Amino acid sequence: MRALSLLYHDVVEPGDWDASGFPGSAAATYKLERRAFERHLAAVSAAAGRRGTVQQLAAAPPPGPPLVFLTFDDGGASAYGCIADLLEGAGWRGHFFITTDYLDAPGFVTRRQVRDLAARGHVIGSHSCSHPSRMSRCRPEHLREEWTRSTSVLADLLGEPVRVGSVPNGAFSRRVAVTAAAAGIRRLFTSEPTMRCDTVDGCVVIGRFLLRSNTPAEVAAALASGKLGVRLRQLWFWNLKKVAKAVAGDAYLALRRTVYD
Ligand SMILES: [Zn+2]
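Conventions adopted
Residues numbered from 1 in each chain as written. Predicted model: local features only at pLDDT ≥ 70, side-chain atom pairs only at ≥ 80, totals over all residues. Heavy atoms only, no water. Helix = DSSP H or I, 4+ residues; strand = E, 2+ residues; numbered from the N terminus. Rg over C-alpha atoms; globule rule 2.2 N^0.38 Å. Buried < 20%, exposed > 50% of the residue type's maximum accessible area, 1.4 Å probe, protein only. Contact = heavy atoms within 4.5 Å. Areas by Shrake-Rupley, 256 points an atom, 1.4 Å probe, with all protein chains shown as cover. Lys, Arg positive; Asp, Glu negative; His and termini not counted. Charge placed at Lys NZ, Arg CZ, Asp CG, Glu CD. Core = buried A, V, L, I, M, F, W, Y, C linked by side-chain atoms within 4.5 Å. Salt bridge = Lys/Arg side-chain N within 4 Å of Asp/Glu carboxyl O. Patch = residues over 30% accessible without salt bridge, like charges linked within 9 Å, V, L, I, M, F, W, Y side chains within 5 Å. Phe/Tyr/Trp six-rings, centres within 6.5 Å; stacked < 30°, edge-to-face > 60°. Expected span 1.5 Å × (residues − 1).

1. So, the overall build of the protein chain
Moving on, step 1. Helices and strands together make up the secondary structure of the protein chain, namely nine helices and twelve strands.
Moving on, step 2. Its C-alpha atoms give the protein chain a radius of gyration of 17 Å, within 12% of the compact-globule value 18 Å for 261 residues.
Moving on, step 3. Residues counted as buried form 54% of the 261 residues belonging to the protein chain.
Moving on, step 4. Contacts spanning at least 24 positions in sequence make up 67% of the contacts within the protein chain whose residues lie at least 6 apart.
Moving on, step 5. Of the roughly 11,200 Å² that the protein chain leaves accessible, carbon and sulfur atoms contribute 54%.
Moving on, step 6. For the protein chain, the separation between the mean place of its 33 positive charges and that of its 24 negative charges on side chains is 7 Å.

2. Details of unusual backbone geometry
Moving on, step 1. One non-glycine residue, Asp-74, adopts positive backbone phi at about 95°.
Moving on, step 2. Looking at the secondary structure, you find Asp-74 in the loop between strand S5 (67-72) and helix H3 (78-89).
Moving on, step 3. Accessibility expressed as a relative area gives 0% for Asp-74, which makes it buried.
Moving on, step 4. Backbone geometry places His-131, a non-glycine residue, at a positive phi of 60°.
Moving on, step 5. By the secondary structure assignment, His-131 is in the loop between strand S7 (123-126) and helix H5 (140-158).
Moving on, step 6. Under the relative-accessibility criterion, His-131 is labelled buried at 4%.

3. Some points on the nonpolar core
Moving on, step 1. Among the nonpolar cores identified, the biggest contains 37 residues, and Leu-6, Tyr-8, Phe-37, Leu-87 and Phe-96 are the most heavily contacted of them.
Moving on, step 2. Looking at this core element by element, the count peaks at seven residues for H3.
Moving on, step 3. Those residues in contact with Leu-6 that sit more than four places away from it in its chain are Val-44, Phe-69, Leu-70, Thr-71, Phe-209, Leu-211, Ala-220, Leu-223 and Ala-224.
Moving on, step 4. Counting residues in hydrophobic clusters, the runner-up holds 16 residues, among them Cys-138, Ala-183, Leu-188 and Cys-203.

4. Let's talk about the pattern of salt bridges
Moving on, step 1. Within the structure shown, the criterion is met by ten salt bridges.
Moving on, step 2. The residue Glu-38 makes a salt bridge to Arg-34 at a minimum N-O spacing of 3.2 Å. With a gap of four residues between them, Glu-38 and Arg-34 both fall in helix H2 (residues 34-47), about one helical turn apart.
Moving on, step 3. The class for Arg-34 is partly exposed, based on a relative accessible area of 27%.
Moving on, step 4. When the shortest N-O distance is used, the salt bridge between Arg-111 and Asp-104 registers 2.6 Å.
Moving on, step 5. Given a relative accessible area of 34%, Arg-111 falls into the partly exposed group.
Moving on, step 6. It is possible to trace a salt-bridge network through shared partners that takes in Asp-85, Glu-88, Asp-116 and Arg-120.

5. Comments concerning the environment of Pro-61
Moving on, step 1. With respect to the secondary-structure elements, Pro-61 resides in the loop between strand S4 (50-51) and S5.
Moving on, step 2. As a C-alpha pair, Pro-61 and Ala-90 span 29 residues in sequence and 24 Å in three-dimensional space.

6. Some words on a nonpolar patch on the surface
Moving on, step 1. Residues Leu-228, Leu-232 and Leu-235 make up a contiguous nonpolar surface patch of roughly 260 Å² in combined accessible area.
Moving on, step 2. One can find Leu-232 in helix H8 (residues 228-248).

7. Here we look at the packing of aromatic side chains
Moving on, step 1. Following the criterion strictly, the structure yields nine aromatic pairs and no others.
Moving on, step 2. A centroid spacing of 5.9 Å and a plane angle of 75° characterise the contact between Phe-37 and Phe-72, whose relative ring orientation is edge-to-face. Taken together, the residues Phe-37 in helix H2 and Phe-72 in strand S5 connect sequence positions 35 residues apart. For the pair Phe-37 and Phe-72, one class covers both residues: buried.
Moving on, step 3. An angle of 80° between the planes, with centres 6.2 Å apart, marks the rings of Phe-69 and Phe-189 as edge-to-face.

8. Here's the deal with H5
Moving on, step 1. Over its 19 residues, H5 extends 27 Å from the first C-alpha to the last, a length consistent with the 27 Å expected when each residue adds 1.5 Å.
Moving on, step 2. Every buried residue belonging to H5 is among Leu-143, Glu-146, Trp-147, Ser-150, Thr-151, Leu-154, Ala-155 and Leu-157, and all of these are buried.
Moving on, step 3. Against the buried residues of H5 lie strand S6 (95-98), helix H4 (111-119), S7, strand S8 (164-166), helix H6 (174-182) and strand S9 (187-189).
Moving on, step 4. Just beyond H5, the residue with positive phi is Gly-159, at close to 75°.

Right under this line is the structure:
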């Protein structure tokens, strides 16, 4: 099973970095200004062989280019106010991962908006309740709570089970997936830059390629087209970051002064 998933966060008006999602300069590096996102969307739309949503992911995919998924983490207000409109204008449906403790908070989507996004055909998933800095290090009961309560909040909101999630901060581990699976999640997005999908306890684990505020639209297009070179480059940097995290541990986190990816 293979899929090509792009990971975005918020989209804001020029310079208005704190208008959507988590505030601060570190968070801003994951946000795109509206004009930049419009360029990304045009480039990705031209390059993607097959657009889709995670519901179309099949064990035996049809021959041809892989499905391309557009995913948006954190549940910032721009999901509703900006991104969904732009996606629909370009013929896409997105995946919005909601940090449920922040529903209705300033800078984040409201419950009513989440219902509307789902009614418009976008995929709604959990991005945990509290956005832990390193989910892979959470105690078992905390981890269980993050997945079960967030999926149940969203299920109550939407009137149907929520089977999709994404891992905050890219802090993935097998235990994170096992706990997600036990909470009913069947499709779990990570930040591992890979097209390969693995299955853990019946939950399909799907990698994603991260786009930052300074990522050129051409890179997004190259990723969406499945070009190997640009995918390998992301993998190389990802592995380098993993080594830095392993060596420096908490010092690395303090250095980043941020809570997420
Ligand atoms: Zn996040």
